[in-house]
Amino acid sequence: MRFTLVLLISVAFFGLSGCGSLRSERESGDEKSAKVGESKSVLRISGSSEEKEASLNQADAANAAYQAIERKIIRNADLTIEVASPTESQPKIVSIAESHQGFIVTSEATQRTTEDKTRPEITVRLVVRVPAAQFNQVMEEIRAAGIRVTQEKITGQDVTEEFIDLEARIKNQKALEAQFIEIMKRAGKVEEALQVQRELANVRTEIEKLEGRRRFLENQASLSTINVTLQTTTQIVNAAGFWFSIKSAFSDGFAVAVAIIYFLIRAIIALLPVLVLVVLPLALMAKFVIKRLRRTRTKRQKTDGVELTE
């Protein structure tokens, strides 16, 4: 009995100690898992912050690279100004362009008659190319060279995106060209080499086309175009009143008389070759024929008179 009682007490003691150890192990395991979870959450938070920092750094780098690209903007202007004498103001515009490393592309002068015949209206048109950095300064100096600006138009076209696209396409085409060159070196048959050569020629043609477009954009963006029109000052006339009507009627009548005289002179000059080459020969021939007919008639009359007397 005593042995059995001691055995039961020892079994109960070991059972209680085992439960306590299991509970302590569970608690320690829960603490470990909680710590692991906390460490994982800390890693996640740190990882997300690192990812955010990396993405922000990439965005900043991309933005800085985009800003570092020189923008390609084509700027053109049309400017019409009134001057005292367009022919005298033309050298001023030329000197302004040349002082800012620019040049004159075309220069054209036209003359138009006005009501005042003694003072014809002269208009000078110039196409000026100047560096884009000097565009605003040149525009200000050209405005200052005239009396008044009657028309001004400035346009701008941003071709940066197209320029970047052209560079990327050129780079890809050159890489493709290098690949075709390597394939040509390894070609064992003549037909394969000829086929690769045709493809290579197409690629080179495309490269030349893209490079030509890029050079055109570079030229247009580096040099701005200014179309300058120089014209004389227009006089403002009061088109009302009795004396203005009389003056207009007199000037209109004088113009009509002059037009009639000019028409008669032109008609005489135009008909003179016809009179000399056509009418005069016909008149001489008709006169000769009439004389011949008169002679023959007189001869017949004489012969008839002689026969009657006999």
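Preceding block: the structure.
What counts, and where the lines are drawn
Residues numbered from 1 in each chain as written. Predicted model: local features only at pLDDT ≥ 70, side-chain atom pairs only at ≥ 80, totals over all residues. Heavy atoms only, no water. Phe/Tyr/Trp six-rings, centres within 6.5 Å; stacked < 30°, edge-to-face > 60°. Lys NZ or Arg CZ within 6 Å of the ring centre and 35° of its normal. Core = buried A, V, L, I, M, F, W, Y, C linked by side-chain atoms within 4.5 Å. Buried < 20%, exposed > 50% of the residue type's maximum accessible area, 1.4 Å probe, protein only. Helix = DSSP H or I, 4+ residues; strand = E, 2+ residues; numbered from the N terminus. Contact = heavy atoms within 4.5 Å.

Topic: the packing of aromatic side chains
Link 1 in the chain: Tallying each qualifying case throughout the model produces 0 aromatic pairs.
Link 2 in the chain: Sitting above the plane of the Phe-163 ring, Lys-72 keeps its charged end 4.9 Å from the centroid.

Re the nonpolar core
Link 1 in the chain: Leu-126, Val-128, Ile-142, Ile-226, Val-228 and Leu-230 are the most contacted members of the largest nonpolar core, which totals 18 residues.
Link 2 in the chain: Every element with two or more residues in this core is listed here: strand E1 (73-83), helix H2 (86-99), strand E3 (121-131), helix H3 (135-144) and strand E5 (223-232).
Link 3 in the chain: Those residues in contact with Val-228, other than ones at most four positions away along the chain, are Leu-79, Val-124, Arg-125, Leu-126, Val-128 and Ile-142.
Link 4 in the chain: Formed by 7 residues, the second largest nonpolar core is a distinct cluster that contains Ile-74, Val-159, Phe-163 and Leu-210.

Some remarks on the environment of Leu-166
Link 1 in the chain: Along the polypeptide, Leu-166 turns up in helix H4 (residues 160-186).
Link 2 in the chain: Residues Leu-166 and Arg-214, 48 residues apart in the sequence, show an inter-C-alpha distance of 6.6 Å.
Link 3 in the chain: Those residues within four positions of Leu-166 in sequence are excluded, and the remaining contacts are Leu-210, Arg-213, Arg-214 and Leu-217.

Points about the environment of Ala-97
Link 1 in the chain: Turning to its location among the elements, Ala-97 is positioned in helix H2.
Link 2 in the chain: Here the alpha-carbon distance between Ala-97 and Arg-129, two residues 32 residues apart in the chain, equals 7.5 Å.
Link 3 in the chain: Discounting chain neighbours no more than four positions away, the residues touching Ala-97 are Gly-102, Phe-103, Ile-104, Val-128 and Val-130.

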